[in-house]
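Spelled out from the first residue to the last, the chains are:
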Amino acid sequence: MTTAPVTNPQPRGAQRPRTIRFRIERCDGPGKPARWEAFDVPVEPGANVISCLQWIAANPVTIEGKRTTPVVWDSGCLEEVCGACTMRVNGRVRQSCTALIENLLAAGVTEVTLQPMSKFPVVRDLFVDRQRFFNDLKRAKAWVPIDGTYNLGAGPREKPADQAERYVLSTCMTCGCCLDACPQYKKEEDAKEWDQSFVGAAVISQVRLFNEHPTGAALKPERLDFMASIGGVSDCGNAQNCVKVCPKEIPLTESIAAIGRAVSIHRIKQFFGVRD
Amino acid sequence: MTSASAPPKGNFLDRNHYLLRRLHSLTGVVPIGVFLIVHLVTNSSVVWGLLAHGDKGHAGVETFQHEVNFIHSLPALLLIEVFGLWLPIAFHSVLGVYYAMTARPNNKDYPYQDNWRYTLQRISGYVGVLFIFYHVATLRWGWTFLVPGGTQWTAEHAASTLAMALRGHETDVTLAGLMVAAFYMAGVSLLVFHLANGLWTAAITWGVTVSAAAQRRWGHVCLLIGAGLMLAAWSAVIGFMTLDPAEARQVELRMLAPESAPGTDP
């Protein structure tokens, strides 16, 4: 067979000459210019974007035959529960571990473009720094306050219905898909701008999760003050991309409406001097 | 003392961020949204007046003139205009443009219907501001140099002067008239969309519709409201566009004539 490119050796599956082209937006580090490189990767059964990236790491040769550095990406669990491998696959943000090549091909894709998430600073290639996201969760006090100097005893009794409502909110893995797809969530190069910029759906949903927790509700007034400030829930533009790209199918738009309602009531109570 | 939150920092806009956002949402519904509904129902009377009373003596023109006369009989009309309309519209427009400038539309990668409405809401806002300014400046403030044919709209000849301003000529429709009429068609259509979609998002903003099912149901109601208003808006523009100004003026003159003088038919 002369069709196989000489510069792109196929280590396995010679009887399976089918390859898929990957176009990858690369960047050598913060502040460095982005560039595109393309790779032909043999399609193996059950392949996903991560396994293809592993193949490229082992064979870092572009379609022009130029030897390059292995593409850097971030990943952890490889089963869509950690959110680390989130990137843009063909323009759409998602976890690369569950981006199965067979499914992409079935959807009529002939090329796979990989880009880093668009709203976070790139560390290198497909690896981004989501520190701002975690910082916003801290600002939201997204925790149950139980630390202290004495034993608080058993928590309040839970109704199964309340627990069930909160369960789906608790499945958020801070992947950031909802932020990347949000037309109101802005990329901030300067960390000084973080507290002026919209926090996005995931943080708002976490505020709802911990406000609805019987013990977590102790911090509800502070969380709602945070939600009423600049960058809070009122900066949502109702494009509702968040709920459509969420891999955990968290009802993010319901959380946004619920927090919008809670903040309105909170502010009206504050106006009339009623304690929340 | 409970959880004393730090006083908000920054400039006036930042310190009152939430209040301004909510006032922006509120003014869009009341008074601006309510006014738009009344305005479109009034102006489409040139068509529904005709349908209700038949063609005898141009019932459409008569009904419309009757509605305009009622509005102009309101006490302190200028005060109502300034505080009920111009200031709320200016507030909603200025803040709306400021907020819309924070948008980073991404419809190519996320071509969902909701996302298209998000982008269209902002585009319709921008165009709506231009359209309302042109509309009020030409017809209310008398900037006739921007009117094709230079007609001055008057409340006594509401239908005929409006038809002139849309047509550009008494017996003919000029190119400039056609362009203005097309701008009206686009302007009112976008504003009706802006209101219908704004009613849908306002319900989420204020937390009236929390569940996705409630948002969907309210969306259907907003669609119906929008469709009804669109019908009114289009019939108003087309109604005045196709009106014969000379005939309309005769109807208006007849209505202006003192009723206590029988036999003095003008």
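Residues numbered from 1 in each chain as written. Chains lettered and ligands numbered in written order. Predicted model: local features only at pLDDT ≥ 70, side-chain atom pairs only at ≥ 80, totals over all residues.

1. Looking at the overall build of chain B
For chain B, the helix and strand inventory stands at 10 helices and 0 strands. Mapped from its N terminus to its C terminus, chain B presents α and β elements in the order α-α-α-α-α-α-α-α-α-α. Projected onto the principal axes, the alpha-carbon positions of chain B cover approximately 80 × 45 × 35 Å. Residues counted as buried form 35% of the 266 residues belonging to chain B. Partitioning the intrachain contacts of chain B with sequence separation of at least 6 by distance along the chain shows that 66% fall at a separation of at least 24. (Helix = DSSP H or I, 4+ residues; strand = E, 2+ residues; numbered from the N terminus. Buried ≥ 20, exposed ≤ 12 C-beta atoms within 10 Å, placed from the backbone. Contact = placed C-beta atoms within 7 Å.)

2. A few points about the sheet that holds strand E3 (residues 86–89) of chain A
Residue and element names in this part refer to chain A. With mixed pairing, 5 strands are arranged side by side in an open sheet as E2-E1-E5-E3-E4. Each edge of the sheet is formed by a strand with only one pairing partner; in this case those strands are strand E2 (34–42) and strand E4 (92–95). Mean inter-strand twist for the sheet, computed between neighbouring axes without regard to direction, equals 30 degrees. Of the pairings in the sheet, the one linking E3 to E4 comprises 4 bridges and is antiparallel in character. Along E4, the bridge assignment pairs Arg88 with Val93. The strands touched by helix H1 (residues 49–58) are strand E1 (19–27), E2, E3 and strand E5 (111–115); relative to E2, the strand with the most contacts, the crossing angle is about 95 degrees. (Pairing = 2+ DSSP bridges. Axes fitted to C-alpha atoms, helices over the stretch in contact; angles between N-to-C directions.)

3. Digging into the packing of helix H3 (residues 45–53) of chain B against helix H4 (residues 59–72) of chain B
Residue and element names in this part refer to chain B. The geometry of H3 relative to H4 is characterised by a closest axis approach of 7 Å and an angle of 125 degrees between their N-to-C directions. The pairing of H3 with H4 is recorded here as oblique in orientation. Note that H3 runs across H4; the crossing there is right-handed. Here Ser45, Val46, Val47, Gly49, Leu50 and His53 of H3 come into contact with H4, specifically with Ala59, Gly60, Val61, Glu62, Thr63, Phe64 and Glu67. Taken together, the residues that form the contact of H3 with H4 break down as 6 nonpolar, 5 polar and 2 charged. (Parallel < 35°, antiparallel > 145°, perpendicular 65-115°, else oblique. Left-handed = near helix turned anticlockwise from the far one by under 90°. Nonpolar A, V, L, I, M, F, W, Y, C, P; charged D, E, K, R; others polar.)

4. Observations concerning the confidence of the model for chain B
Residue and element names in this part refer to chain B. Taken as a whole, chain B shows an average pLDDT of 91; of its residues, 92% reach a score of 70 or greater. Helix H6 (residues 113–139) holds the highest mean pLDDT among the elements of chain B, 98, whereas helix H1 (residues 12–15) holds the lowest, 86. Interface confidence in the predicted complex, given as ipTM, is 0.90; pTM for the same model is 0.91. (pLDDT = per-residue confidence, 0-100.)

5. Some remarks on the domain arrangement of chain A
Residue and element names in this part refer to chain A. Taken domain by domain, chain A holds domain 1 (19–127) and domain 2 (130–271). Computed from C-alpha coordinates alone, the two centres of domain 1 and domain 2 are separated by 30 Å. On the side of domain 2, 15 residues touch domain 1, which itself brings 13 residues to the contact. Among the elements that take part in the side of domain 1 that touches domain 2, E4 stands out by supplying 3 residues, more than any other. (Domains from an automatic or database assignment.)

6. Section: H6 of chain B
Spanning 27 residues, H6 of chain B covers 36 Å between terminal C-alpha atoms, matching the ideal 39 Å at 1.5 Å per step. The set of residues buried in H6 of chain B consists of Asn115, Arg117, Tyr118, Gln121, Arg122, Ser124, Gly125, Gly128 and Thr138 of chain B. Buried residues in H6 of chain B make contact with helix H8 (241–245) of chain A together with helix H5 (77–100), helix H7 (158–167) and helix H8 (175–205) of chain B. (Expected span 1.5 Å × (residues − 1).)

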